[in-house]
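Residue-level listing of the chains:
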Amino acid sequence: MANENQCGFAKAVNEYLATHPVKGLADWGDFQKFAAAPAVKGAVDATVQPCHKARRVRFWGALEHLPLMRSWGLDVDEFDPDAAARGCVPDVIFCHLQPNYSFGDVEQILAAIRRGTHFVTLQSTDKWCAALAKRLGHTYSGVLNVSSAKDAVYFANCPSLLAGFPEGRLDAGAYPILRTHACAVYMTGERCLLGVADMKQKRIASAIAQYPYGKGAATFVCPFASFTKEELNDPAYKRLLLNLISLLPPVGGKTCKAC
């Protein structure tokens with residue numbers, strides 16, 4: 001049975017890498033070498049840069065982030081759907097609400113993304129995956145709940161996403177955002193920014209997935225963010241948010257006072 005599971009896992013890894021190109025990982029053999037390599041520990045550089053301060057960041061839900069990000073010197077406020085409906089869209093929207101929270105919000109978010117907004121889900125990620133993947137003509141097939149941090153092998157597939165983190169294989173157990181609520185999503189057509197393999201369950205999926213759309217993109221973040229004091233103030237969580245803020249270029253044009 002163990003050999004059958006291993007053969008099935010090898011096939012799953014090969015199929016995943018065939019549809020989600022990852023630099024340095026071409027097949028099962030490369031993945032085995034990567035998984036056997038020691039994880040890298042080290043300090044995270046969470047310095048706020050001018051490029052972060054230049055972005056207009058809005059939160060849709062989870063407003064406890066506003067004073068936190070303002071203390072970082074960021075242009076952050078509550079998302080204004082009425083302003084977005086008028087065509088005044090921010091550079092980044094962090095979403096903590098479920099789709100269909102208000103009438104037509106899925107179409108409204110897609111309109112903002114088309115104009116260049118980076119839409120990032122930090123909660124209700126599974127529901128947004130289902131809603132947007134279907135709307136964009138792809139398939140969402142559920143969540144992989146990772147057994148534990150010690151069973152997870154994370155592989156980065158976007159250097160900009162993990163800028164400021166120690167180089168090499170990410171030591172998931174060292175960072176609260178990866179240690180709690182560890183999960184990933186099964187989808188088609190998405191770009192894998194951060195993948196994860198559960199070595200116990202023999203499964204592989206996308207921990208942070210992205211759909212480019214128009215001038216912007218929708219990025220689905222798993223594990224889901226939470227609001228414990230430890231995680232909100234953790235340098236790794238701060239750095240991940242900063243990297244997501246600067247991952248796409250700004251929408252451009254003049255800043256609208258209504259935003």
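Predicted, not measured: the structure shown is a model, and the values here were computed from it.

1. Quick look at helix α10 (residues 235-245)
Burial analysis of α10 places nine of its 11 residues in the buried class, which makes it a mostly covered element. Listed in full, the buried residues belonging to α10 are Ala236, Tyr237, Arg239, Leu240, Leu241, Leu242, Asn243, Leu244 and Ile245. With a side-chain oxygen positioned 2.9 Å from the backbone nitrogen of Ala236, the residue opening α10 is Asp234.

2. Description of the side chain of Arg55
Position of Arg55 among the secondary structure elements: in the loop between α3 (50-53) and β1 (56-60). Buried charge without a salt bridge: Arg55, with Asp91 as the nearest opposite-charge side chain at an N-O distance of 5.3 Å. A distance of 3.0 Å separates a polar side-chain atom of Arg55 from the backbone oxygen of Leu248. In this structure Arg55 touches Asp75, Asp91, Ile245, Ser246, Leu248, Pro249 and Pro250, once residues within four positions along its chain are discounted.

3. A look at the pattern of salt bridges
For the structure shown, the criterion picks out four salt bridges. Between Arg58 and Asp75 there is a salt bridge, and its shortest N-O distance comes to 3.3 Å. With Arg58 in strand β1 and Asp75 in strand β2 (residues 75-78), the pair connects residues that are 17 residues apart, well separated along the chain. The exposure class of Asp75 is partly exposed, given its relative accessible area of 32%. Salt-bridge contacts for Glu107 lead to Arg135; the nearest nitrogen and oxygen are separated by 2.7 Å. With Glu107 in helix α6 (residues 105-115) and Arg135 in helix α7 (residues 125-135), this residue pair connects regions lying 28 residues apart in the sequence. The partly exposed category is assigned to Glu107, whose relative accessible area is 39%. Assessed through its relative accessible area of 39%, Arg135 is described here as partly exposed.

4. Examining the nonpolar core
Membership of the largest hydrophobic core comes to 43 residues, with the highest contact counts inside it found for Phe59, Met69 and Phe94. Elements represented by at least two residues in this core include exactly β1, α4 (65-71), β3 (92-95), β6 (152-156), β8 (191-198), β9 (203-213), β10 (216-221) and α10. Tallying contributions element by element places α10 first for this core, with seven residues. Those residues within four positions of Phe94 in sequence are excluded, and the remaining contacts are Val57, Arg58, Phe59, Trp60, Met69, Val120, Leu122, Leu241, Leu244 and Ile245.

5. Describing the confidence of the model for the chain
Residues at a pLDDT of 70 or more form 86% of the chain, whose mean pLDDT is 86. No element of the chain has a lower mean pLDDT than helix α8 (residues 176-179), at 60, and none a higher one than β2, at 96. Segment residues 255-259: pLDDT under 50, and 11 contacts once partners within four positions in sequence are set aside and those in other chains are kept.

6. Some points on the packing of aromatic side chains
Here the structure, examined in full by the defined rule, presents nine aromatic pairs. Each member of the aromatic cluster is reached from another via a ring pair, and the members are Trp60, Phe79, Phe119 and Trp128.

7. Observations concerning α7
What α7 keeps buried is the set Thr125, Trp128, Cys129, Leu132 and Ala133. Seen from one end, α7 has its buried residues packed into an arc of 115°, which puts them on one side.

8. Some thoughts on the packing of α6 against α7
Where α6 meets α7, the axes come as close as 11 Å, and the angle between the chain directions of the two elements is 65°. In terms of orientation, α6 and α7 fall into the roughly perpendicular class. The element α6 and its partner α7 pack so that their crossing is right-handed. Judged by residue contacts, Val106, Glu107, Ile109 and Leu110 of α6 engage Trp128, Leu132 and Arg135 from α7. Its residues placed into classes, the contact of α6 with α7 shows five nonpolar, no polar and two charged.

9. Digging into the environment of Arg70
Within the element layout of this structure, Arg70 appears in helix α4. Accessibility expressed as a relative area gives 44% for Arg70, which makes it partly exposed. A polar contact of 3.4 Å, which involves the side chain of Arg70, links it to the backbone oxygen of Val76. Here Asp77 takes part through its side chain, which lies 3.4 Å from a polar atom of the side chain of Arg70.

Rules used in this analysis
Residues numbered from 1 in each chain as written. Predicted model: local features only at pLDDT ≥ 70, side-chain atom pairs only at ≥ 80, totals over all residues. Heavy atoms only, no water. Buried < 20%, exposed > 50% of the residue type's maximum accessible area, 1.4 Å probe, protein only. Helix = DSSP H or I, 4+ residues; strand = E, 2+ residues; numbered from the N terminus. Polar contact = N/O pair within 3.5 Å; in protein donor to acceptor, adjacent residues only side chain to side chain. Lys, Arg positive; Asp, Glu negative; His and termini not counted. Salt bridge = Lys/Arg side-chain N within 4 Å of Asp/Glu carboxyl O. Contact = heavy atoms within 4.5 Å. Core = buried A, V, L, I, M, F, W, Y, C linked by side-chain atoms within 4.5 Å. pLDDT = per-residue confidence, 0-100. Phe/Tyr/Trp six-rings, centres within 6.5 Å; stacked < 30°, edge-to-face > 60°. Arc of directions from axis to C-beta. Axes fitted to C-alpha atoms, helices over the stretch in contact; angles between N-to-C directions. Parallel < 35°, antiparallel > 145°, perpendicular 65-115°, else oblique. Left-handed = near helix turned anticlockwise from the far one by under 90°. Nonpolar A, V, L, I, M, F, W, Y, C, P; charged D, E, K, R; others polar.

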